[in-house]
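# Structural features, examined
Okay, here's what each chain looks like letter by letter:
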Amino acid sequence: MFHQPVLKNRRTLLERAEKFISEVYFTDCNLRGRLFGDSHPLASISLFLSPKRIPFEEASKQNFAPYKVGDTFGPTWWTGWFRVSLSLPAAWRGKEVHLLWESDGEALVWRDGQPVQGLTKEGEKTSYILTESLKEEEPHRVTLYVELACNGLFGAGHGSMIAAPDPGRRFSVQKAELVVFRRDVMDLLTDFEMLVDIVKNLGEGEQRSFQALFTVNEMVNVCDPADPGSFPKTRSLAATFFSQRNGQSQHTVHAMGHCHIDSAWLWPYEETIRKCGRSWVTVIRLMEKNPDFVFTCSQAQQFDWVKRWYPGLFSQIQSYVQKGRFVPVGGTWVEMDGNLPSGESMVRQFLQGQRFFQQEFGVHCKELWLPDTFGYSAQLPQIMRGSGISRFLTQKLSWNLVNTFPHNTFFWEGLDGSQVLTHFPPGNSYEMKGKIEDLLNTVRNNRDKGRANHSMVLFGFGDGGGGPTQLMLDRLQRVRDTDGLPRVQMSDPDMLFSQLEAESALLCTWSGEMFLELHNGTYTTQAQIKRGNRHCEMLLRDVEVASSLALSQDGAFRFQEEKLQELWRLLLLNQFHDVIPGSCIEMVVEDALRHYEEIRGAGTSLLLDALRSLGSSGREPDSSAVFNSLPWQRHEVIERQDVAGQPELALVTVPSAGVALATEAKPEIPVSVTVQADGSVVMDNGIIRTTVNSDGSLASLGLVAGGREAISDGCHGNRFVMFDDVPLYWDSWDVMDYHLQTRKPVEQVTEPLEVVSLGGVRGSVRCSLRISDRSSIEQEIVLDAASPYVKFSTKVVWAESHKFLKVEFPVRVRSPNATFEIQFGHLQRPTHRNTSWDWARFEVWGHKWADLSEHNFGVALLNDCKYGYSVQKNVMTLSLLRAPKAPDANADMGTHHFTYAVMPHAGSFQDAGVIRSAYNLNSPLRIFQSSADLEPWSAFSVDAAAVVLETVKQAEDMKAALVVRLYESHGSSVTATLRTALPVRAALYCDLLERPSTLDPPEMGPDGISLSFSPFQILTLLLTLRS
């Protein structure tokens, strides 16, 4: 073919090719306009609307009314069920026929009573293949059902994606018809698109870019959209380009299909079930047509939902799992938040997840999969290792606001020294589309060039589901080994990580937490969820300890393991990384709070059953007894009812992990309460002395022994402060550093300080403050006999908008670092702002306590349901409440109850018992009725203060066996003896999945079980009991 010479200007040739495949321009004569051939109307379409999500069997029996394309229906969160009758024209024999369906919302096609295809415009799935080549013997009359959810892929935000949902949104079907689909045009469009993208992304500095430009220009010259006979020659030009190979040193991309589905976020849990069905059945259809396609999928909870709601689809998934193509990953119940769940909750995520995958698929996951979680605790590597996992996949740190994380492939070292091989896909996404840009970014962004020559590309629509498309697979197929681009290999996580392990000699190591420099408002948002999580974690712990003790003491006691597993799974579900952080819509918050109420109700019932068993001796229960689930003796004030049913206080002593009658003891030093002339009140229990101002702030707080003052000169402790809280975009997620410039103390007193408890076993005072005309604080400040801390029992009525409430304690301590409790341990963070890495930690997370200490003195801040902290120089701050308006317009509005405490101490926080005090504050002594002859009884104790007995539970797979979990909490190497009154026959080490270890069993002697710990080490024992 002869062509007149042209300038071959880059811009004109590139735009020429773009317009040739445009969906907007010149569709009357370009290639895109030939994608569909003839069309044919549907025989009929009718609609049934349901306010609830109902199964197919129920929906198909309803009365359907005729529907006209273009008519609207709704509202938001309803479901439209469409009955679609089709008649395929006989003249279309030999042609590929699709149902073209363009609508708002998310749709699922049902055929012969089974789900067959997901459809959503946002996920680029708008047609269902009825036949790839219509045959005479095929049925030409077909009835389908289309289940259409009245919400988009990302919910129904009013005006923006993360805005609160629009409850009255209307939906419609814009197009519903039969069409002939021209596969040859689609193949050619893909060739054009890939070449155009190579030109654009390689740029003018690359020779290969111009080769692609001239190739695609020649393809436009050759291709006549109206003449399919021109297509083979056009495609051969593209094939010649794509088949020009790379050198051996080229970077290899391991491509895997993926569909990240948030278990709840901008839609409720129930809608996620349908998102899984829509997405995963589409994956199965793609697997049937693409034998090399591999799909990775996490979250055992979602598999469990699909098993119950779509059993036929689940059976297909099981089949493809066995073929190694549908790959369960992660090993956890959900993709949980990486900061806020307790250590034991994280263990249970793996225990429940790994057991489910093993039972349903015979699979043990080797990698933790948390691509979208808001930071990663320094104890995760040890927990992973203990759960049989040595690899970690995420990418969220690419969202850092201030500092760029220095690695993509590296070893991550945890608090105890455990290491896991970690990979961040350099493309900085878990929902790539198989485009040239994705592949080149994967190479260009790789911060471990020279150390790692393999990277992961996860392709498929995500967050709201959707998953891969045929087009994505076709794109990747074109460029498997094309000069100028990375080599592309359809792969799976094991293949990638095995390759990285084999070439890991030069990899770097990152030690400690991986802190996300963004989304630090999630430590505080939705305070009721935080409170429910902490309280339910402690409740389930108590249920397991009490039930285990009852099981060992009472042969008639029945451990309700199925109910307990159900409650644990509800708790674990709520720890999903958009639920416990509070970054979800109001419907999800309501679901989560209902789950917590169910856990509280059923858990309390299970606890009382166990305690009744422990307190029973065959006699009628006629006395009050107390249960202590913690592994140390406690001498504390409890609130109980007297014989007349009136509340009273009593100082009681309860042995470690045991029970005793609630026998009142006289305090060695009663609490004194003295009202001063200026209205302030001094409270003193012989350990600490505090002076409370008339506004509830602390003028003084000190140790009686030695007289050391804790509050800074000229300052007051327990000072409530308000901040303006308007982030850049992510409202519920983010608090920005500039909020610190808007500090305003809460100073207006509405009810001055008054004495509530006069002393003896308890001294307390109460006052109230006005935050605004809509919000207020009521607080009781409590000092108990024998207590090393002052408690602040707080009620806040909160009706603010974009405000942040905190409480401050300026203390007389100087230290460059503060210490924060995390899962199974603690870590230090700077109190200064020397570097950008320090500054980015202006708001951090911690669990039950934070401490600021200098040599021989410090102050600890304890709490029963808060997670956000800031320690700047000598000011310790606890974050209390936020008021974001998206995606929940009513986030945190209402009444809140919480308790925090301040504990000055001599010596280190370890020696002063801060860790135990925080456990005591969070784990109340449980009062129950027992017979009067109940003897004090301790089931477990540990002789080393550094070692915490965290868990006592029934073994998963053994009767008459218990699992106990201990950890070293001080950061020291220590030998400890675990003493028990239970009839232990044998003790074995096991991992966190309760699989026996190959290590020699621990030494058992007359004094107990001898154990050795390294700093922050977690040890789990399997104890078999004598019958």
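An account of the accompanying structure is given in this report. In this numbering scheme, every chain counts its residues from 1 along its sequence in written order. Per-residue local features are limited, in this predicted model, to residues with pLDDT of at least 70; the limit for side-chain atom pairs, both in listing and counting, is 80 or more; totals at the level of whole chains, interfaces and linings are taken over all residues. To obtain the side-chain values, all non-hydrogen atoms of the structure were used and water was disregarded.

Before going further, it helps to spend a moment on the pairing of strand E43 (residues 875–882). Buried residues are those whose accessible area, probed at 1.4 Å on protein chains only, stays under 20% of the maximum for their type, while exposed residues exceed 50% and partly exposed ones sit between those limits. Numbered from the N terminus, helices here are DSSP runs of H or I no shorter than four residues, and strands are runs of E no shorter than two. Across the eight residues of E43, seven count as buried, placing the element largely inside the fold. Two strands qualify as a pair provided that DSSP identifies no fewer than 2 bridges between them. Inspection of the sheet shows strand E36 (residues 803–810) paired to E43 by seven bridges, in the antiparallel sense. Across the sheet, Glu-808 pairs through a bridge with Thr-877, a residue of E43. Examined bridge by bridge, strand E42 (residues 868–872) and E43 share four bridges and lie antiparallel to one another. Looking across to E43, one finds that Val-871 is bridged to Met-876.

Classification of ring pairs rests on two measures: the distance between centres of Phe, Tyr or Trp rings, Trp counted by its six-membered ring, which must be within 6.5 Å, and the angle between planes, read as stacked under 30 degrees, edge-to-face over 60 and tilted in between. Across all of its chains, the model carries 50 aromatic pairs by this definition. On the basis of an interplanar angle of 40 degrees and a centroid distance of 4.9 Å, the ring pair of Trp-280 and Phe-303 is categorised as tilted. Here Trp-280 is found in helix H6 (residues 269–289), whereas its partner Phe-303 is found in helix H7 (residues 300–309), with 23 residues between them in sequence. On the accessibility criterion, Trp-280 (0% relative accessible area) is buried.

Backbone hydrogen bonds hold the strands of a sheet together, and the pairing may be parallel or antiparallel. Reading across the sheet, the six strands line up as E3-E2-E5-E10-E7-E8 and stay open at both edges, with antiparallel pairing between neighbours. Only two strands of the sheet have a single neighbouring strand rather than two, namely strand E3 (65–66) and strand E8 (114–119). The pairing of strand E7 (residues 106–111) with strand E10 (residues 141–149) spans five bridges and is antiparallel. Bridged to Trp-110 within E10 is Tyr-145. On the sheet, H6 packs against strand E5 (79–87), E7, E8 and E10 and is oriented at approximately 95 degrees with respect to E8. Here a residue-residue contact requires only that any non-hydrogen atoms of the pair lie within 4.5 Å. Where helices are involved, their axes are fitted lines through C-alpha atoms of the stretch in contact, as for all axes, and angles between N-to-C directions lie from 0 to 180°.

Looking now at the side chain of Glu-335. With respect to the element layout, Glu-335 can be found in the loop between strand E14 (326–328) and helix H9 (343–361). Under the convention used here, Asp and Glu are negative, Lys and Arg are positive, and both His and the chain ends fall outside the count. Criterion for a salt bridge: a side-chain nitrogen of Lys or Arg within 4 Å of a carboxyl oxygen of Asp or Glu. Although Glu-335 lies buried, it forms no salt bridge, and the closest oppositely charged side chain, Lys-396, sits 9.9 Å away as judged by the N-O distance. Two N or O atoms count as a polar contact when they lie within 3.5 Å, although within protein this holds only if one can serve as hydrogen donor and the other as acceptor, and sequence-adjacent residues are included solely when both atoms are side-chain atoms. At a separation of 3.3 Å, a polar atom in the side chain of Glu-335 contacts the side chain of His-260. What Glu-335 contacts, discounting residues up to four positions off in sequence, is His-260, Ser-298, Gln-299, Trp-369, Leu-370, Pro-371, Thr-373, Phe-576 and His-577.

Next up on the list: the side chain of Asn-628. By the secondary structure assignment, Asn-628 is in strand E22 (residues 623–628). Judged by its relative accessible area of 0%, Asn-628 falls in the buried class. A polar side-chain atom of Asn-628 sits 3.0 Å from the main-chain carbonyl oxygen of Pro-655. When residues no more than four places from it in sequence are discounted, the contact partners of Asn-628 are Gln-633, Arg-634, Val-654, Pro-655, Ser-656, Ala-657, Gly-658 and Leu-925.

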